[in-house]
Amino acid sequence: MTSLANKQILLGVTGGIAAYKSADLVRRLQDAGASVQVVMTPAAQEFITPLTMQALSGNPVHTQLLDPEAEAGMGHIQLARWADLVLIAPATADFMARLTQGVGNDLLTSICLATAAPIAIAPAMNQGMWHNPATQTNLDTLIKRKIHIFGPAEGGQACGDVGPGRMLEPLQLVDAAARLFTSGSLAGKKVVITAGPTREALDPVRYLSNYSSGKMGYALAQAAAEAGAKTILISGPTQLATPARVTRIDVISAEDMHSASLAAAQDCHLFIAAAAVADYRPAQMSAQKMKKGESDTLTLSLVKNPDIVASIAALEPKPFTIGFAAESENLLEYARSKLQHKNLDLVVANNISDSSIGFNSDDNAVTLVEKNTATEISQRSKQQLARELIALFAQKITAQ
Ligand code: C5P
């Protein structure tokens, strides 16, 4: 599997003769396992039609910034968030200038301004335009801003000149893009993480829930994305911002989280259940607001929710499956029993009777429980802990 497997690549095409090679590039990126959405500038459409790119990518091609229909669907912010990599090939001298200036006067430049994903450009232009001091100054600025520059190659040009300015070949661009994702310990892996509380509706205005903040699950999602994984975060209601390059699926109830997890986990390598899922839900949700009765007591009838992490651990093939055990007593004993009866590969156990760690706090201290071992990790920030846990899980799945 290449490091582009499951990656979402936004391919920007600007107006140069090399645009004809971008059609092949779409296919090559897909061969490497990436999904591709194409954005074309008006000038690019003079060289190659959106229809060609649509047929090859299997997705509608995006061409306009101020298209009400597009904004309602995959608008520039959604596209900016969707991308794991924004690759502009070919990138003309004009596009490089606009990127350098931070101009957002079309869809592609606006996406570049909005995205948190890495940006790579494959310059393609006449050698004179490439050598021009304006282009070279722009190039220096883009390099300083950590924009990746792929090429250009030297050789014969469409205009008859010979020199630097040819766009790299599609396969060379695929290799260069793949190298951007190979450094992380989870490059090429898909990770699904549940986080936050669930809410179980009693009636249209009331629910049963818990104090989970979602911080641990979100920190794990951020660490997994930083380690190069394609990361899907299935989140109950939280106040937290989505980490960069993480695809977040919002859910409310345990049943919603269950079906979203099963759908997302199909081809995943690592499943981490960090959510505090309500064990029970009201047997019936009242369609109308429940009224106070005469009696001083009220008995609620509850039914058991599906065990999400156990359903994932029962999949075939089974991803490396990790559960959390938040306990106020008998930590190791309960964690071991969870490991066994849910068929988990590892349980991260934490003691919630100490208020400086666990639920809603910024720190955590945990014990990693496996079949024959229990390893303690002392108190530290959830971000730091998440990075260490992800590095460890990465080792485990590559050793499998
Ligand atoms: O059984 P218990 O709730 O203590 O187990 C905790 C672990 O199981 C956590 O990883 C939690 O995310 C997961 N879990 C789940 N679905 C449930 C209950 C718990 O995935 N219905």
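This is a predicted model, so every value here is computed, not measured.

## Quick notes on the domain arrangement of the chain
Each domain of the chain was delimited in the assignment, giving domain 1 (8-179) and domain 2 (190-399). Distance from the C-alpha centre of domain 1 to the C-alpha centre of domain 2: 39 Å. Each partner contributes to the interface: domain 1 provides six residues, whereas domain 2 provides four residues. Buried area between domain 1 and domain 2, both sides added, is near 350 Å², and the carbon and sulfur share of it is 46%. Among the residues of domain 1 in contact with domain 2, Gln8, Asp84 and Ala116 are the three that bury the most area, contributing 76% of the side total. Inspection of the domain 1/domain 2 interface yields zero salt bridges. Seen at the junction of domain 1 and domain 2, the total is one residue pair in polar contact (both at pLDDT 80 or more).

## Some details on the pattern of salt bridges
Taken as a whole and assessed by the stated rule, the structure comprises 15 salt bridges. A salt bridge links Arg248 to Asp250, with the nearest nitrogen and oxygen atoms 2.7 Å apart. One network of salt bridges, with partners in common, ties together Lys21, Arg166 and Glu169.

## Things to note about the UniProt feature "binding site: CTP" (unreviewed entry) in the chain
What UniProt calls "binding site: CTP" (unreviewed entry) maps, in this numbering, to Asp279, Lys289, Pro306, Asp307, Ile308, Val309, Phe324, Lys338 and Lys342. Spanning 64 residues, the named residues do not form one spatial group; their C-alpha atoms are separated by as much as 37.0 Å. Among the annotated residues just listed, those lining the largest pocket are Asp279, Pro306, Asp307, Ile308, Val309, Phe324, Lys338 and Lys342. Turning to its location among the elements, Ile308 is positioned in helix α13 (residues 308-313).

## Some thoughts on the pairing of strand β16 (residues 320-327)
β16 sits mainly inside the fold: seven of its eight residues count as buried. When strand β13 (residues 270-273) meets β16, the two strands line up parallel, connected through four bridges. Following the sheet pairing, Ile272 is matched in β16 by Ile322. In terms of strand pairing, β16 meets strand β17 (residues 346-351) through six bridges, oriented parallel. Bridging across to β17, Ala326 finds its partner in Asn350.

## Regarding unusual backbone geometry
For residues that are not glycine, phi is negative in most cases, and the peptide bond is trans in most cases. The step from Gly151 to Pro152 runs through a cis peptide bond, and the omega angle for that step is 5 degrees. Its place among the elements puts Pro152 in the loop between β5 (148-149) and β6 (153-156). Residue Pro317 is reached from Glu316 by a cis peptide bond, and omega for that bond is 0 degrees. Within the element layout of this structure, Pro317 appears in the loop between α13 and β16. Not every positive phi belongs to a glycine, and Lys146 is a case in point at roughly 70 degrees.

## Focus on the packing of helix α6 (residues 93-101) against helix α9 (residues 133-144)
Running from N to C, α6 and α9 point in directions that differ by 50 degrees, and their axes come no closer than 9 Å. The angle between the axes of α6 and α9 places the two elements in the oblique class. Relative to α9, the crossing made by α6 is left-handed. Of the residues in α9, those touching α6 at Ala93, Met96, Ala97, Leu99 and Thr100 are Thr135, Asn138, Leu139, Thr141 and Leu142.

## Some remarks on the UniProt feature "active site" (unreviewed entry) in the chain
Annotation from UniProt places "active site" (unreviewed entry) at Cys159. Its place among the elements puts Cys159 in the loop between β6 and β7 (162-166).

## A word on the site of the ligand
Every residue near the ligand is listed here: Ala273, Ala275, Val277, Asp279, Pro306, Asp307, Ile308, Val309, Gly323, Phe324, Lys338 and Lys342. At 2.8 Å from a nitrogen atom of the ligand is found a main-chain nitrogen or oxygen belonging to Pro306. Between Val309 and the ligand, the recorded distance is 2.8 Å, taken from a backbone N or O atom to an oxygen atom. One can see that the ligand is located within the largest pocket. For the shell around the ligand, the secondary-structure elements that each account for two or more residues are α13 and β16.

## Considering helix α1 (residues 19-31)
Three or four residues apart is the spacing at which side chains of an α-helix point the same way, because the helix has 3.6 residues per turn. The end-to-end C-alpha distance of α1, which contains 13 residues, comes to 19 Å, matching closely the 18 Å that a straight helix rising 1.5 Å per residue would cover. The set of residues buried in α1 consists of Ala19, Lys21, Ser22, Ala23, Leu25, Val26 and Leu29. A positive phi of about 100 degrees marks Gly33, the residue just after α1.

Definitions and limits used
- Residues numbered from 1 in each chain as written.
- Predicted model: local features only at pLDDT ≥ 70, side-chain atom pairs only at ≥ 80, totals over all residues.
- Heavy atoms only, no water.
- Domains from an automatic or database assignment.
- Contact = heavy atoms within 4.5 Å.
- Buried area = accessible area lost by both parts, 1.4 Å probe.
- Salt bridge = Lys/Arg side-chain N within 4 Å of Asp/Glu carboxyl O.
- Polar contact = N/O pair within 3.5 Å; in protein donor to acceptor, adjacent residues only side chain to side chain.
- UniProt positions renumbered as here; feature names shortened; annotations may be inferred.
- 1 Å grid on protein atoms, 1.4 Å probe; cavity = no way out; pocket = protein on both sides within 12 Å on 5 of 7 lines; lining within 4 Å.
- Helix = DSSP H or I, 4+ residues; strand = E, 2+ residues; numbered from the N terminus.
- Buried < 20%, exposed > 50% of the residue type's maximum accessible area, 1.4 Å probe, protein only.
- Pairing = 2+ DSSP bridges.
- Axes fitted to C-alpha atoms, helices over the stretch in contact; angles between N-to-C directions.
- Parallel < 35°, antiparallel > 145°, perpendicular 65-115°, else oblique.
- Left-handed = near helix turned anticlockwise from the far one by under 90°.
- Near = heavy atom within 4 Å.
- Sits in = over half its atoms within 2 Å of the grid points.
- Expected span 1.5 Å × (residues − 1).

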